[in-house]
Amino acid sequence: MKQKYLLSTYKRQEVCFERGDNATLWDGDGKEYIDFAAGVAVCSVGHGNYRLARAISDQVAKIIHVSNLYRIEPQEECARRIVELSEYDMRCFFGNSGTEVNEGAIKIARKYGEVDGKVKRYKIITLKNSFHGRTITALKATGQVAKHDYFGPYPDGFVYAASVEEIESLIDEYTVAVMIELVQGEGGVQPLNLVAVQRLALSLKSKDILLIVDEVQTGVYRCGSFLASHIYGITPDVITLAKGLGGGVPIGVVMSGIKDIFSYGDHGSTFGGNYLSSASANEVLDILEEYSQRGELIDHQNYFETSLERFASAYPSIFTERVGIGMMQGLRVIDGNTLSKIINIAVETGVLVIKSGKNTLRFVPPLTISKSEIDEGFRRLNLVMLQLTE
Ligand SMILES: *Cc1c(COP(=O)(O)O)cnc(C)c1O
């Protein structure tokens, strides 16, 4: 009833949160929840983060927004930080969401394929089970045909490979790019095979085909390094980031080593990289860089992984496999029905976990989650499993 003014795109839980502290949330009745979901890998520095709140409020008291027709100093600073942390020789364009920066990546590829006097290359190969966003073109790039119902006609030129190994065989004279997630976030927290990715990257380079890595979910330290591309030891041509970058404030970035690809007017965004979102991202990057340098990121990540492994191994008839990298983890559940039950009982028991793909229980907690919050979250999940088997 209360949701009667909202289009019904989400099957929502009834709970409504009022405040938070790091990986702990409280609802309107004062009930406490451990947050293993972080707004789907968004709240990278936790809830109620004082430093982030302070940086945002200092900024909004001065300027929230001017258009990109003027220089925006925090945006320039943010681009410098991202490029330096990436260790790639690239330039940035800021948008507001994952899907939007993936559109930017696709535009970069399509323009790259346009060379005077040659056939226009426009095809982009993506993977089955991938997820690249909800706008029409990013949706078409998403290799899950069930999601394509109703919304066509779509732009041409997307080809889906069943595996990294199959990509090579789908390349033709029109292929301009390959777009992949290194760990498929919505497709079951599925890491791609490292050797196959490295081999692909080399082969694409030799064929002048762009490698676009969608790090919207894996990036900004989610997998332990600033980028999952670092873990895979590759140098992509285009990278997109969004979810964890602003700590909850909408911001996305598409960065590319083809630094002169766009001319004035080729692309733009009203809000992208404004004072508010750039200031947030700059503070998030400060917090996480320090956290990483102190060794806490890896320490807490290992602690989380060990706790998850211990939890999963206690229920071998329900969890068949642990998947994922760093603070992007999943447990394969025997069936989708059991998975839904676990998620629902978990909310009642005071711990937030989410679904990925058909049968994966996903864990993407704030990167700053404390060890006591991890302990408490798994204590509650054990209570969930008791209720499940009752
Ligand atoms: C979430 C996600 C997107 C879409 O991001 P939005 O901000 O929801 O548009 C795109 N790619 C990946 C890999 C994602 O995880």
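Residues numbered from 1 in each chain as written. Predicted model: local features only at pLDDT ≥ 70, side-chain atom pairs only at ≥ 80, totals over all residues. Heavy atoms only, no water.

Some words on the packing of aromatic side chains
The final tally for this structure, using the stated rule, is 14 aromatic pairs. Geometrically, the ring pair formed by phenylalanine 36 and phenylalanine 304 is edge-to-face, given 5.2 Å between the ring centres and 85° between the ring planes. Of this pair, phenylalanine 36 sits in the loop between strand E3 (32-35) and helix H1 (38-41) while phenylalanine 304 sits in helix H10 (residues 296-313), and the two are 268 residues apart along the sequence. Across the pair, exposure class does not vary: phenylalanine 36 and phenylalanine 304 are buried alike. According to the relative accessible area criterion, phenylalanine 36 is buried, its value standing at 0%. Cluster of aromatic residues (ring-pair linked, three or more members): Phe36, Phe304, Phe311, Tyr315, Phe319, Phe363 and Phe378. Lying over the aromatic face of tryptophan 26, arginine 19 brings its terminal NZ or CZ to 4.3 Å of the ring centre. (Phe/Tyr/Trp six-rings, centres within 6.5 Å; stacked < 30°, edge-to-face > 60°. Helix = DSSP H or I, 4+ residues; strand = E, 2+ residues; numbered from the N terminus. Buried < 20%, exposed > 50% of the residue type's maximum accessible area, 1.4 Å probe, protein only. Lys NZ or Arg CZ within 6 Å of the ring centre and 35° of its normal.)

Remarks on the site of the ligand
Every residue close to the ligand is listed here: Ser97, Gly98, Thr99, Asn102, Phe131, His132, Gly133, Glu181, Asp214, Val216, Gln217 and Lys243. Within the backbone of phenylalanine 131, an N or O atom sits 3.2 Å from a nitrogen atom of the ligand. With respect to the ligand, the side chain of lysine 243 contributes an N or O atom lying 2.6 Å from an oxygen atom. In isolation the ligand offers 380 Å² of accessible surface; the protein chains occlude 82% of this area. Per element, the largest residue contribution to the shell around the ligand is three residues, and it comes from helix H4 (residues 98-112). Partitioned by chemical class, the residues of the shell around the ligand number two nonpolar, seven polar and three charged. (Near = heavy atom within 4 Å. Polar contact = N/O pair within 3.5 Å; in protein donor to acceptor, adjacent residues only side chain to side chain. Areas by Shrake-Rupley, 256 points an atom, 1.4 Å probe, with all protein chains shown as cover. Nonpolar A, V, L, I, M, F, W, Y, C, P; charged D, E, K, R; others polar.)

Let's talk about empty space enclosed by the protein
A full pass over the atoms with the stated rule returns one cavity of 30 Å³ or more. Approximately 30 Å³ is the volume found for the largest cavity. Taken together, Ala201, Leu204, Lys205, Ile209, Leu211, Thr235 and Asp237 form the lining of the largest cavity. For the lining of the largest cavity, the element with the most residues is helix H7 (residues 194-206), which contributes three residues. Tallied by class, the residues present in the lining of the largest cavity amount to four nonpolar, one polar and two charged. (1 Å grid on protein atoms, 1.4 Å probe; cavity = no way out; pocket = protein on both sides within 12 Å on 5 of 7 lines; lining within 4 Å. Points joined across faces, edges and corners; volume = space filled by probe spheres on them.)

Some points on H7
With 13 residues, H7 should cover 18 Å at 1.5 Å per step; its first-to-last C-alpha distance of 19 Å lies within 8% of that length. All of the buried residues along H7 are Ala196, Val197, Leu200, Ala201, Ser203 and Leu204. Packed against the buried residues of H7 are helix H6 (164-170), strand E7 (175-180), strand E10 (210-214) and helix H8 (228-232). The distance from a side-chain oxygen at the start of H7 to the backbone nitrogen of valine 195 is 3.1 Å, and the residue carrying that oxygen is asparagine 193. Positioned one or two residues after H7, aspartate 208 has a phi angle of 60°, which is positive. (Expected span 1.5 Å × (residues − 1). Contact = heavy atoms within 4.5 Å.)

Regarding the environment of aspartate 27
Inspection of the secondary structure assignment puts aspartate 27 in strand E2 (residues 24-27). With 92 residues separating them along the chain, aspartate 27 and valine 119 place their C-alpha atoms 58 Å apart. Beyond its immediate stretch of four places on either side in the chain, aspartate 27 contacts Val15, Cys16, Phe17, Glu18 and Tyr33. Within the structure, the side chain of aspartate 27 is placed 2.9 Å from the backbone nitrogen of lysine 31, a separation counted as a polar contact. Here tyrosine 33 takes part through its side chain, which lies 2.7 Å from a polar atom of the side chain of aspartate 27.

Topic: the confidence of the model for the chain
With 99% of its residues at a pLDDT of 70 or more, the chain has an overall mean of 97. Highest mean pLDDT in the chain belongs to strand E11 (residues 238-241) (99); lowest belongs to helix H12 (residues 371-389) (96). (pLDDT = per-residue confidence, 0-100.)

Quick look at the nonpolar core
Of all hydrophobic cores here, the largest spans 59 residues; its most connected members are Phe36, Ile82, Phe319, Leu361, Phe363 and Leu381. Once residues within four sequence positions are removed from consideration, phenylalanine 319 is found in contact with Phe311, Ala312, Leu331, Arg332, Val333, Ile342, Leu361 and Met385. In this structure, Val164, Leu204, Ala228 and Tyr232 belong to the second largest nonpolar core, which totals 30 residues. (Core = buried A, V, L, I, M, F, W, Y, C linked by side-chain atoms within 4.5 Å.)

Observations concerning the pattern of salt bridges
A side chain with one charge may pair with a side chain of the opposite charge, provided their charged atoms come close. Taken as a whole and assessed by the stated rule, the structure comprises 22 salt bridges. Two residues, arginine 294 and glutamate 296, come together in a salt bridge whose shortest N-O distance is 2.6 Å. Glutamate 309 is the salt-bridge partner of arginine 322, the closest N and O atoms lying 2.6 Å from each other. Within this pair, whereas arginine 322 is found in strand E13 (residues 319-325), its partner glutamate 309 is found in helix H10, the two being separated by 13 residues in sequence. The exposure class of arginine 322 is partly exposed, given its relative accessible area of 25%. On the basis of relative accessibility, which here comes to 38%, the residue glutamate 309 falls in the partly exposed class. (Salt bridge = Lys/Arg side-chain N within 4 Å of Asp/Glu carboxyl O.)

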